[in-house]
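A look at the structure
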Amino acid sequence: MPLPCFPFTRFAFSPPWLLILLAAWLLAGASWAAGSAGASASANAGAGAATASSPASVQDSPTLRKIRDTGLIVLGFRVASAPFSYLDAKLRPQGYSIDLCQQVIAAVKKRLDMPELEVKLLPVTSATRMPLVGNGSVDLECGVTTNTSERQKTQAFSLTTFVAESRLLSKRESEVRTLEDLRGKAVASTIATTSIQFLHQANQAHKLDLRILVGLDDRDAFRLLQTDRAVAYAMDDVLLRMSLLTAPNPAEFVISEEAYSVEPYAIGLPRDDAVYKALVDGVIAGLYQRGEIQAIYKKWFLSPIPPRGINLQLAMSEAFKKVIAKPTDSPDPALYR
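Now for a description of the structure that goes with this document. (Residues numbered from 1 in each chain as written. Predicted model: local features only at pLDDT ≥ 70, side-chain atom pairs only at ≥ 80, totals over all residues. Heavy atoms only, no water.)

**Here we look at the sheet that holds strand β2 (residues 80–81)**
Taken in spatial order, the three strands of this open sheet run β2-β3-β4, and their pairing is antiparallel. Each edge of the open sheet is held by one strand with a lone partner, namely β2 and β4 (93–94). Here strand β3 (residues 85–87) runs beside β4; their pairing, made up of two bridges, is antiparallel. Paired with Y86 across the two strands is Q94, which belongs to β4. (Pairing = 2+ DSSP bridges. Helix = DSSP H or I, 4+ residues; strand = E, 2+ residues; numbered from the N terminus.)

Structure follows, in structure tokens:
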């Protein structure tokens, strides 16, 4: 399968990135089967009630029919979006979102009675993730994607799996803490994200005269701030915290106290497939109802994570606690405030 195209107008797609994606695509699949199988027992227990239905229901699901007929399920993953989806030292995808998707894959295997179902891994970026889900190339997009009403026009989303907030990261010495402080200055964010959309909207609404710089990925956008090409970097708070922990000089930066948007993350799914979505939602709801999400959350947000042993020490937000108590797939930010 050819690697996806990356239609960037501002950046060239450099050879090192191409090699990373190619290596991820080729090498990650070899080790995935073991990890996915290891999740089967737990996922099967939770998926039982949610997936129990007549065999004919598979016929009502275009996605499940395709998976059954091709003998494989395609998982889209991010190569550098820790702690949600990233490559380990052996170029295997891992992370919070990956763990959730492993549970879903085990449930799909059970529903289809295909224990040897092949899992095909496809690296995606912030720019390619939604088109690949929308055109049916990806069956599960397991990364850091916000569920919005606009995005629902081209794809579906699972129940909310995490709740973040968009904030500004800046150097302490710059004294940039609010949007108003950015007036007439350069600010960076990542291509095809809700943060970039927010910056454009705020720029027009408040006539801030911003110069908005677009990074190829989160690391590239952060680099624009580190090298003083931008005075701030707008992104979801959990990803900003991760950027700081991996920076050589984290004390030089500060995250704004003010949050500018609410970001309900979810697993990306093909549209117009209620049966498949019900299966995925059933798995996630089961993790919430049985309390198993607590251990998964602790593993990725309250413990050292590989390969560098970084610990985000990020307590579960009240917004996400509400989701666990009452699962929802709503894109409405007001519901999470």
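The discussion continues.
**Topic: the pattern of salt bridges**
Within the structure shown, the criterion is met by 15 salt bridges. Put simply, K299 and D99 hold a salt bridge, and the shortest N to O gap is 2.9 Å. With K299 in helix α11 (residues 292–301) and D99 in helix α5 (residues 96–112), this pair connects stretches of sequence that are 200 residues apart. The exposure class of K299 is partly exposed, given its relative accessible area of 42%. Linking E292 and R290 is a salt bridge whose minimum nitrogen-to-oxygen distance equals 2.7 Å. (Salt bridge = Lys/Arg side-chain N within 4 Å of Asp/Glu carboxyl O. Buried < 20%, exposed > 50% of the residue type's maximum accessible area, 1.4 Å probe, protein only.)

**Overview of the pairing of strand β10 (residues 232–236)**
The buried fraction of β10 is high, at five of five residues. Judged from the two bridges that link them, strand β8 (residues 186–190) and β10 form a sheet pairing that is parallel. Across the sheet, A188 pairs through a bridge with Y233, a residue of β10.

**What to know about the packing of helix α4 (residues 62–70) against α5**
Look at α4 against α5: their axes get within 11 Å of each other, and the N-to-C directions meet at 75 degrees. Compared by their axis directions, α4 and α5 come out roughly perpendicular. Mapping the contact onto sequence places L64, I67 and R68 in α4 and V108, R111 and L112 in α5. Split by residue class, the contact of α4 with α5 holds four nonpolar, no polar and two charged. (Axes fitted to C-alpha atoms, helices over the stretch in contact; angles between N-to-C directions. Parallel < 35°, antiparallel > 145°, perpendicular 65-115°, else oblique. Contact = heavy atoms within 4.5 Å. Nonpolar A, V, L, I, M, F, W, Y, C, P; charged D, E, K, R; others polar.)

**Some details on the state of the cysteines**
Applying the stated criterion across every chain, the model contains one disulfide. Note on cysteine connectivity: C101 is disulfide-linked to C142, with sulfurs 1.9 Å apart. On the sign convention where negative is left-handed, the bridge of C101 and C142, at about -100 degrees about the S-S bond, is left-handed. With C101 in helix α5 and C142 in strand β6 (residues 140–146), this pair connects stretches of sequence that are 41 residues apart. Using a relative accessible area of 0% as the deciding quantity, one classes C101 as buried. (Disulfide = S-S within 2.5 Å.)

**Considering helix α12 (residues 318–325)**
All of the buried residues in α12 are A319, F320, V323 and I324. For α12, the buried positions fall inside an angular range of 140 degrees around the axis, keeping them on one side. What points out from α12, more than 90 degrees from its buried face, is the exposed set E318 and A325. Residues of α12 that are buried sit in contact with α5, β7 (156–171), α10 (274–289) and α11. (Arc of directions from axis to C-beta.)

**What about unusual backbone geometry?**
At the junction of A82 and P83, the peptide bond is cis and its omega measures out at 5 degrees in the coordinates. Tracing the chain through its elements places P83 in the loop between β2 and β3. A cis geometry characterises the amide bond from P306 onward to P307, with omega recorded as 0 degrees. Relative to the elements of secondary structure, P307 occurs in the loop between α11 and α12. Although it is not a glycine, A192 adopts a positive phi angle of roughly 60 degrees. A192 gets classed as partly exposed once you look at its relative accessible area, which sits at 27%. Its identity is not glycine, yet D272 carries a phi of approximately 55 degrees, on the positive side.

**Some details on the side chain of T193**
As for its placement among the helices and strands, T193 is situated in the loop between β8 and α7 (194–206). Filtering out sequence-adjacent residues up to four positions away, T193 remains in contact with S126, R129, R151 and M235.

Geometric values such as these leave the question of function open.
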